[in-house]
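Residues per chain, in single letters:
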Amino acid sequence: MSIGETGRRLLAISAHPDDVEFTSGGSLARWAAEGWSTHLVVCTDGSKGSQNPQNKRETMARARRIEQEAAAQALGITEVVWLGHPDGELTRVPSLVEELARQIRRVRPDRLLAWDAWRPYELHPDHRAAGLSAVDAVLAAGNPHFYPLQLQGAHGLQPHRVEEVYLFGTDQRDTWVDITATFERKMAAIERHTSQVASLRDLALKMSYCNQGYAQGHGVTYAEVFKVLHPFCDT
Ligand SMILES: [Zn+2]
(Lines give C-alpha, C1' and ligand atoms only; values in the text may rest on other atoms or scores of the structure.)
Protein backbone atom coordinates (compact mmCIF):
# COMPACT_ATOMS: atom_id res chain seq x y z
CA MET A 1 0.00 0.00 0.00
CA SER A 2 1.54 3.26 -1.03
CA ILE A 3 1.28 6.11 1.41
CA GLY A 4 1.60 9.69 0.20
CA GLU A 5 3.83 12.29 1.80
CA THR A 6 1.06 13.37 4.15
CA GLY A 7 0.32 9.83 5.29
CA ARG A 8 -3.29 10.57 4.39
CA ARG A 9 -5.28 8.37 2.05
CA LEU A 10 -8.23 9.08 -0.15
CA LEU A 11 -10.57 6.67 -1.93
CA ALA A 12 -12.95 7.77 -4.68
CA ILE A 13 -15.74 5.41 -5.74
CA SER A 14 -17.25 6.00 -9.17
CA ALA A 15 -19.91 4.27 -11.22
CA HIS A 16 -18.17 4.79 -14.57
CA PRO A 17 -14.86 5.74 -16.10
CA ASP A 18 -14.90 9.59 -16.31
CA ASP A 19 -17.26 10.26 -13.34
CA VAL A 20 -14.57 11.62 -11.05
CA GLU A 21 -12.82 13.66 -13.74
CA PHE A 22 -15.96 15.70 -14.42
CA THR A 23 -17.17 16.03 -10.82
CA SER A 24 -14.02 16.22 -8.76
CA GLY A 25 -10.95 15.94 -11.00
CA GLY A 26 -9.54 19.30 -9.91
CA SER A 27 -9.88 18.39 -6.24
CA LEU A 28 -8.29 14.96 -6.72
CA ALA A 29 -5.37 16.52 -8.59
CA ARG A 30 -4.97 19.09 -5.84
CA TRP A 31 -5.01 16.54 -3.01
CA ALA A 32 -2.66 14.20 -4.88
CA ALA A 33 -0.25 17.12 -5.38
CA GLU A 34 -0.51 17.87 -1.66
CA GLY A 35 0.76 14.36 -0.92
CA TRP A 36 -2.42 12.36 -0.41
CA SER A 37 -2.30 8.75 -1.57
CA THR A 38 -5.31 8.68 -3.92
CA HIS A 39 -7.16 5.54 -4.98
CA LEU A 40 -10.08 5.06 -7.36
CA VAL A 41 -12.60 2.20 -7.52
CA VAL A 42 -14.67 2.06 -10.72
CA CYS A 43 -17.78 -0.08 -10.22
CA THR A 44 -18.79 -0.74 -13.86
CA ASP A 45 -16.95 -1.54 -17.07
CA GLY A 46 -18.32 1.50 -18.93
CA SER A 47 -19.30 -0.77 -21.82
CA LYS A 48 -22.52 1.06 -22.70
CA GLY A 49 -20.88 4.45 -23.03
CA SER A 50 -21.65 4.84 -26.71
CA GLN A 51 -24.66 5.83 -28.83
CA ASN A 52 -23.31 3.87 -31.80
CA PRO A 53 -25.06 0.48 -32.05
CA GLN A 54 -22.12 -0.84 -34.11
CA ASN A 55 -19.72 -0.49 -31.18
CA LYS A 56 -19.08 -3.80 -29.44
CA ARG A 57 -19.42 -3.66 -25.68
CA GLU A 58 -16.14 -5.53 -25.08
CA THR A 59 -14.30 -3.10 -27.34
CA MET A 60 -15.87 -0.14 -25.56
CA ALA A 61 -14.99 -1.57 -22.13
CA ARG A 62 -11.36 -2.03 -23.22
CA ALA A 63 -11.13 1.49 -24.61
CA ARG A 64 -12.66 3.04 -21.54
CA ARG A 65 -10.29 1.20 -19.24
CA ILE A 66 -7.31 2.61 -21.16
CA GLU A 67 -8.85 6.10 -21.10
CA GLN A 68 -9.52 5.94 -17.35
CA GLU A 69 -6.01 4.72 -16.56
CA ALA A 70 -4.54 7.61 -18.56
CA ALA A 71 -6.87 10.14 -16.94
CA ALA A 72 -6.02 8.82 -13.47
CA GLN A 73 -2.34 9.22 -14.26
CA ALA A 74 -2.96 12.82 -15.36
CA LEU A 75 -4.59 13.55 -12.00
CA GLY A 76 -1.90 11.80 -9.94
CA ILE A 77 -4.17 8.97 -8.79
CA THR A 78 -2.08 6.19 -7.28
CA GLU A 79 -4.23 3.16 -8.13
CA VAL A 80 -7.36 2.27 -10.13
CA VAL A 81 -9.39 -0.80 -9.09
CA TRP A 82 -11.99 -2.20 -11.50
CA LEU A 83 -14.99 -4.08 -10.13
CA GLY A 84 -16.15 -4.80 -13.71
CA HIS A 85 -19.92 -4.84 -13.25
CA PRO A 86 -21.94 -4.40 -16.45
CA ASP A 87 -22.55 -0.76 -17.29
CA GLY A 88 -26.13 0.38 -16.67
CA GLU A 89 -27.00 -2.60 -14.48
CA LEU A 90 -25.53 -1.57 -11.11
CA THR A 91 -27.87 -2.03 -8.15
CA ARG A 92 -27.46 -1.59 -4.43
CA VAL A 93 -27.13 -5.26 -3.49
CA PRO A 94 -25.34 -6.70 -0.41
CA SER A 95 -22.55 -8.16 -2.56
CA LEU A 96 -21.65 -4.71 -3.95
CA VAL A 97 -21.60 -3.20 -0.45
CA GLU A 98 -19.35 -6.06 0.64
CA GLU A 99 -16.98 -5.49 -2.29
CA LEU A 100 -16.74 -1.79 -1.47
CA ALA A 101 -16.30 -2.45 2.27
CA ARG A 102 -13.38 -4.72 1.35
CA GLN A 103 -11.79 -1.90 -0.66
CA ILE A 104 -12.30 0.54 2.22
CA ARG A 105 -10.71 -1.89 4.69
CA ARG A 106 -7.82 -2.48 2.28
CA VAL A 107 -7.08 1.16 1.38
CA ARG A 108 -8.05 2.57 4.82
CA PRO A 109 -8.89 6.05 3.52
CA ASP A 110 -9.25 9.13 5.71
CA ARG A 111 -11.50 10.67 3.06
CA LEU A 112 -13.93 8.93 0.70
CA LEU A 113 -15.56 10.46 -2.38
CA ALA A 114 -18.78 9.13 -3.93
CA TRP A 115 -21.90 10.12 -5.84
CA ASP A 116 -24.66 11.82 -3.83
CA ALA A 117 -27.36 9.13 -4.14
CA TRP A 118 -29.94 11.43 -2.57
CA ARG A 119 -29.84 14.21 -5.14
CA PRO A 120 -33.42 14.61 -6.39
CA TYR A 121 -33.90 13.46 -9.96
CA GLU A 122 -30.52 11.79 -10.28
CA LEU A 123 -31.52 9.83 -13.35
CA HIS A 124 -28.61 7.48 -13.81
CA PRO A 125 -29.29 4.23 -11.90
CA ASP A 126 -25.57 3.43 -11.70
CA HIS A 127 -24.87 6.77 -10.00
CA ARG A 128 -27.62 6.15 -7.45
CA ALA A 129 -26.48 2.57 -6.80
CA ALA A 130 -22.77 3.43 -6.55
CA GLY A 131 -23.43 6.36 -4.19
CA LEU A 132 -25.76 4.47 -1.90
CA SER A 133 -23.56 1.38 -1.81
CA ALA A 134 -20.48 3.48 -1.06
CA VAL A 135 -22.08 5.12 1.96
CA ASP A 136 -23.48 1.81 3.18
CA ALA A 137 -19.99 0.32 2.80
CA VAL A 138 -18.49 3.14 4.89
CA LEU A 139 -20.72 2.16 7.81
CA ALA A 140 -20.14 -1.58 7.30
CA ALA A 141 -16.34 -1.26 6.97
CA GLY A 142 -16.12 0.32 10.41
CA ASN A 143 -18.00 -2.47 12.18
CA PRO A 144 -16.38 -5.89 12.83
CA HIS A 145 -19.75 -7.65 12.70
CA PHE A 146 -20.07 -6.84 8.99
CA TYR A 147 -18.34 -9.32 6.67
CA PRO A 148 -16.21 -10.97 9.38
CA LEU A 149 -14.67 -13.32 6.82
CA GLN A 150 -12.75 -10.30 5.47
CA LEU A 151 -11.08 -10.02 8.88
CA GLN A 152 -9.91 -13.61 9.26
CA GLY A 153 -6.53 -15.20 8.57
CA ALA A 154 -2.94 -14.06 8.76
CA HIS A 155 -3.55 -11.49 6.03
CA GLY A 156 -7.00 -10.53 7.24
CA LEU A 157 -8.17 -6.95 6.96
CA GLN A 158 -9.12 -4.78 9.91
CA PRO A 159 -12.29 -2.70 10.40
CA HIS A 160 -11.75 0.88 9.30
CA ARG A 161 -13.68 4.06 10.03
CA VAL A 162 -13.66 6.70 7.31
CA GLU A 163 -13.33 10.18 8.78
CA GLU A 164 -14.97 12.21 6.00
CA VAL A 165 -17.28 11.42 3.09
CA TYR A 166 -17.31 13.96 0.25
CA LEU A 167 -20.42 13.50 -1.90
CA PHE A 168 -20.10 14.84 -5.45
CA GLY A 169 -22.88 15.57 -7.94
CA THR A 170 -24.82 17.11 -5.06
CA ASP A 171 -27.31 19.95 -4.77
CA GLN A 172 -26.73 20.17 -1.00
CA ARG A 173 -23.23 21.59 -1.28
CA ASP A 174 -21.55 22.83 1.88
CA THR A 175 -17.87 22.57 0.91
CA TRP A 176 -16.00 24.41 -1.84
CA VAL A 177 -12.57 23.31 -3.02
CA ASP A 178 -10.36 25.82 -4.84
CA ILE A 179 -9.19 24.11 -8.04
CA THR A 180 -7.79 27.19 -9.74
CA ALA A 181 -4.28 25.71 -9.73
CA THR A 182 -5.42 22.29 -11.01
CA PHE A 183 -8.21 23.19 -13.44
CA GLU A 184 -5.91 22.62 -16.42
CA ARG A 185 -4.99 19.17 -15.11
CA LYS A 186 -8.68 18.38 -14.68
CA MET A 187 -9.29 19.33 -18.32
CA ALA A 188 -6.25 17.30 -19.42
CA ALA A 189 -7.69 14.27 -17.60
CA ILE A 190 -11.14 14.76 -19.15
CA GLU A 191 -9.53 14.95 -22.57
CA ARG A 192 -8.16 11.42 -22.08
CA HIS A 193 -11.74 10.13 -22.31
CA THR A 194 -11.76 10.48 -26.07
CA SER A 195 -14.69 8.08 -26.57
CA GLN A 196 -16.88 10.34 -24.43
CA VAL A 197 -15.85 13.77 -25.66
CA ALA A 198 -17.39 14.93 -28.93
CA SER A 199 -16.05 18.49 -28.90
CA LEU A 200 -13.17 19.44 -26.65
CA ARG A 201 -13.77 23.12 -27.25
CA ASP A 202 -17.43 22.94 -26.22
CA LEU A 203 -16.52 20.82 -23.23
CA ALA A 204 -13.81 23.22 -22.09
CA LEU A 205 -16.28 26.10 -22.24
CA LYS A 206 -18.91 24.13 -20.35
CA MET A 207 -16.55 22.99 -17.59
CA SER A 208 -15.02 26.44 -17.30
CA TYR A 209 -18.49 27.99 -16.94
CA CYS A 210 -19.54 25.36 -14.40
CA ASN A 211 -16.44 25.55 -12.17
CA GLN A 212 -16.34 29.34 -12.39
CA GLY A 213 -19.98 29.40 -11.28
CA TYR A 214 -19.17 27.29 -8.22
CA ALA A 215 -16.27 29.64 -7.41
CA GLN A 216 -18.40 32.80 -7.37
CA GLY A 217 -18.31 34.56 -4.02
CA HIS A 218 -15.36 32.51 -2.75
CA GLY A 219 -12.53 34.67 -4.07
CA VAL A 220 -11.14 32.03 -6.42
CA THR A 221 -11.43 31.39 -10.17
CA TYR A 222 -12.44 27.73 -10.29
CA ALA A 223 -14.04 25.53 -7.64
CA GLU A 224 -15.66 22.12 -7.17
CA VAL A 225 -18.40 21.50 -4.64
CA PHE A 226 -19.34 18.70 -2.26
CA LYS A 227 -21.67 17.73 0.56
CA VAL A 228 -19.45 16.50 3.38
CA LEU A 229 -20.51 13.90 5.95
CA HIS A 230 -18.69 12.79 9.10
CA PRO A 231 -20.14 9.31 9.56
CA PHE A 232 -18.68 8.42 12.94
CA CYS A 233 -18.36 11.74 14.75
CA ASP A 234 -21.51 11.18 16.83
CA THR A 235 -20.92 7.56 17.80
ZN1 LIG B 1 -21.38 8.14 -14.76
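In the block above lies the structure referred to throughout.
Everything numeric in this text was worked out from a predicted model, so none of it was measured.

### A few points about the overall build of the chain
Within the chain one finds six helices and seven strands. Helices and strands appear in the chain in the N-to-C order β-α-β-α-β-α-β-α-β-β-α-α-β. Taken over C-alpha atoms, the radius of gyration comes to 17 Å for the chain, in line with the 18 Å a tight globule of 235 residues would show. Its C-alpha atoms give the chain principal-axis dimensions of roughly 50 × 45 × 35 Å. For the chain, restricting intrachain contacts to residue pairs at least 6 apart in sequence, the fraction spanning at least 24 positions comes to 80%. As presented, the chain carries roughly 11,400 Å² of accessible surface, and 52% of it is formed by carbon and sulfur atoms. If the 25 positive side-chain charges of the chain are averaged to one point and the 29 negative ones to another, these points end up 2 Å apart.

### Here we look at the pattern of salt bridges
In the structure shown here, the tally under the stated rule is eleven salt bridges. In this structure, Lys48 engages Glu89 in a salt bridge whose closest nitrogen and oxygen atoms are separated by 2.9 Å. Note that Lys48 is positioned in the loop between β2 (37–44) and α2 (57–75) and Glu89 in the loop between β3 (79–85) and α3 (94–107), a separation of 41 residues in sequence. Given the relative accessible area of 47%, Glu89 is considered partly exposed. Asp136 is paired through a salt bridge with Arg92; the nearest N and O atoms lie 2.7 Å apart. With Asp136 in helix α4 (residues 125–141) and Arg92 in the loop between β3 and α3, the pair connects residues that are 44 residues apart, well separated along the chain. Note on Arg92: relative accessible area 37%, which makes it partly exposed.

### Examining the side chain of Thr170
Along the chain, Thr170 turns up in the loop between β5 (164–168) and β6 (175–178). Under the relative-accessibility criterion, Thr170 is labelled buried at 7%. Within the local environment of Thr170, its side chain forms a polar contact with the backbone nitrogen of Gln172, the two atoms lying 3.0 Å apart. Not counting residues within four places of it along the chain, the set of residues in contact with Thr170 comprises Asp116, Arg119, Phe226 and Lys227.

### As for the packing of helix α5 (residues 183–191) against helix α6 (residues 200–215)
Look at α5 against α6: their axes get within 11 Å of each other, and the N-to-C directions meet at 140°. Here α5 is positioned oblique relative to α6, judged by the angle of their axes. Relative to α6, the crossing made by α5 is right-handed. Counting all contacts with α5, which are made through Phe183, Lys186, Met187, Ile190 and Glu191, the residues of α6 involved are Leu200, Leu203, Ala204, Met207, Ser208 and Asn211.

Cut-offs and rules
- Residues numbered from 1 in each chain as written.
- Predicted model: local features only at pLDDT ≥ 70, side-chain atom pairs only at ≥ 80, totals over all residues.
- Heavy atoms only, no water.
- Helix = DSSP H or I, 4+ residues; strand = E, 2+ residues; numbered from the N terminus.
- Rg over C-alpha atoms; globule rule 2.2 N^0.38 Å.
- Contact = heavy atoms within 4.5 Å.
- Areas by Shrake-Rupley, 256 points an atom, 1.4 Å probe, with all protein chains shown as cover.
- Lys, Arg positive; Asp, Glu negative; His and termini not counted.
- Charge placed at Lys NZ, Arg CZ, Asp CG, Glu CD.
- Salt bridge = Lys/Arg side-chain N within 4 Å of Asp/Glu carboxyl O.
- Buried < 20%, exposed > 50% of the residue type's maximum accessible area, 1.4 Å probe, protein only.
- Polar contact = N/O pair within 3.5 Å; in protein donor to acceptor, adjacent residues only side chain to side chain.
- Axes fitted to C-alpha atoms, helices over the stretch in contact; angles between N-to-C directions.
- Parallel < 35°, antiparallel > 145°, perpendicular 65-115°, else oblique.
- Left-handed = near helix turned anticlockwise from the far one by under 90°.

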